[in-house]
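# What the coordinates show
For reference, the chains in residue letters:
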Amino acid sequence: MGDVPSNAPAHCPGTQSEDAGKAAGCAGCPNQAVCASAPKGPDPDLAAIAERMASVKNKLLVLSGKGGVGKSTFATQLAFALAAQGKEVGLLDIDICGPSAPKLTGLEGQEVHQSASGWSPVYVEDNLAVMSIGFMLPNPDDAVIWRGPRKNALIKQFLRDVVWGPLDFLVVDAPPGTSDEHISIAQFLRAAAAPGGGASAGRNIAGGLDAAVIVTTPQEVSIIDVRKEVSFCRKVELEVLGVVENMSTLQVSLPALRFAAGQADVTAAVQAALQAALVGGGLVGDLGDVSASTDVFLPTGGGAARMCEQLGLRLLGRVPLDPLLGQAAEEGRSVLALSEEAAAAAGARAAPSAAALRGIVGQIIADVEAAAAQGPAT
């Protein structure tokens, strides 16, 4: 059976069986609880989801095994960056209990409108649409206390009823972990990728890719859980496009640094000394051309690069922490645009995170173009 994971125990009834998670053969399987609560059998809504998703060329699920690794920030900045390349982009926030998209896109206080054709997403730019439960809460401070089936129903509704229109990319920001939301989105997208059949190598019926981008930070406490996320993707046959190491270093330009000696602020003196040594010595034209960096999270186990080597994955890139990235997230803006504005105003160099993001986007676009050249899944 195609819905039986490769490492399932003997006599597994299959993830789509009514007995999934309940049969005797499920005893001892680590996925028993999630299989028991996941949707089963033929779903009458899958045809409607497939019809809606047929106009979406590429679906990118941004996943992480651990919370707090900057997954939502990365997903949002990825959507901004793809839109800046002239692509038609949608950002779907399925983190039902912790929706971040309204804040990260500067759309707090906006509402979703419904028509006869479905739900209209909220637009941050002409070619960047956003959908999140955060737009539907009467009070943004209200907690969403839902069990799995209700979360699954809303995810299905997002896929079935949101009128995205033709999209080059749908970026899906998922919650951390491997629970109901992840099983649901993977199953729904897989069923919509090639109705009546199975997508191959992540390709879908629209001729694009359905794949995961996994976000981690360098330290082992994150890497351990990301390995589980990779295992999840392989069990549900979701292609992993690559891994992004977020917060790989902290990079700050010298003029932005503050210096202290004990309790005394010695910033002015240190900056003057650096100016004399570096600029006066002819090594650089401006202090803003120099940055300082340090590892905030120590990659004691080799970080994402070592994990990718061991698991046969590709490291898409390392995104450093820098103040401009934090500012972009707080203001709900693109770090690429903010970096360009800062460079134009002060002659500063581009934000390190912006340069890393451009490199990652370039690889993703190259991958989807390669998939398109192979033609749609059948």
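Residues numbered from 1 in each chain as written. Predicted model: local features only at pLDDT ≥ 70, side-chain atom pairs only at ≥ 80, totals over all residues. Heavy atoms only, no water.

Looking only at helices and strands, the protein features twelve helices and 13 strands. The C-alpha atoms of the protein give 23 Å as radius of gyration, which agrees with the globular expectation for 378 residues (21 Å, within 12%). Per-residue burial over the protein gives 48% buried out of 378 residues. Across the protein, contacts joining residues at least 24 apart in sequence account for 73% of those joining residues at least 6 apart. Just so you have it, the protein exposes about 16800 Å², and 54% of that area is on carbon and sulfur atoms. (Helix = DSSP H or I, 4+ residues; strand = E, 2+ residues; numbered from the N terminus. Rg over C-alpha atoms; globule rule 2.2 N^0.38 Å. Buried < 20%, exposed > 50% of the residue type's maximum accessible area, 1.4 Å probe, protein only. Contact = heavy atoms within 4.5 Å. Areas by Shrake-Rupley, 256 points an atom, 1.4 Å probe, with all protein chains shown as cover.)

Our focus in this paragraph is the pairing of strand 9 (residues 239-253). Counted residue by residue, strand 9 has eleven buried out of 15 residues, so it is predominantly covered. Looking at chain direction, strand 8 (residues 210-216) and strand 9 are connected through six bridges and run parallel. Within the sheet, the bridge partner assigned to Ala-211 lies in strand 9 and is Glu-239. With five bridges joining them, strand 9 and strand 13 (residues 315-321) adopt parallel strand pairing. Bridge pairing in strand 13 places Leu-250 opposite Leu-321. Direction of pairing for strand 9 relative to strand 12 (residues 291-294): antiparallel, over a ladder of four bridges. The residue bridging Leu-250 from the neighbouring strand is Thr-294, located in strand 12. (Pairing = 2+ DSSP bridges.)

Looking at the secondary structure, you find Ser-339 in helix 11 (residues 335-346). Sequence-distant contacts of Ser-339, that is, excluding residues within four places in its chain, are made with Leu-324, Ala-350, Ala-351 and Ala-354.

Here the focus is the packing of aromatic side chains. This structure, assessed with the given rule, holds one aromatic pair. Their ring planes at 65° and their centres at 6.0 Å tell us that Trp-119 and Phe-158 sit as a pair that is edge-to-face. With Trp-119 in strand 4 (residues 118-120) and Phe-158 in helix 5 (residues 148-161), this residue pair connects regions lying 39 residues apart in the sequence. No difference in accessibility class separates Trp-119 from Phe-158, as the two residues are buried. (Phe/Tyr/Trp six-rings, centres within 6.5 Å; stacked < 30°, edge-to-face > 60°.)

Running from amino to carboxyl end, helix 7 (residues 220-235) crosses helix 9 (residues 303-311) at an angle of 35°, the nearest separation of the two axes being 11 Å. In this structure, helix 7 meets helix 9 at a crossing whose hand is right-handed. Contacts between helix 7 and helix 9 pair Ile-223, Val-226, Arg-227, Val-230 and Arg-234 from the former with Gly-303, Ala-304, Met-307, Gln-310 and Leu-311 from the latter. A breakdown of the residues in the contact of helix 7 with helix 9 according to their chemical character gives six nonpolar, two polar and two charged. (Axes fitted to C-alpha atoms, helices over the stretch in contact; angles between N-to-C directions. Left-handed = near helix turned anticlockwise from the far one by under 90°. Nonpolar A, V, L, I, M, F, W, Y, C, P; charged D, E, K, R; others polar.)

Take helix 10 (residues 323-331) next. Listed as buried for helix 10 are Leu-324, Leu-325, Ala-328 and Ala-329. All buried residues of helix 10 fall inside an arc of 140° around its axis, so they share one side. At the N-terminal end of helix 10, a side-chain oxygen is found 2.9 Å from the backbone nitrogen of Leu-324, two or three residues along, and the residue is Asp-322. Looking one or two residues beyond helix 10, the residue adopting positive phi is Gly-332, at roughly 70°. (Arc of directions from axis to C-beta. Polar contact = N/O pair within 3.5 Å; in protein donor to acceptor, adjacent residues only side chain to side chain.)

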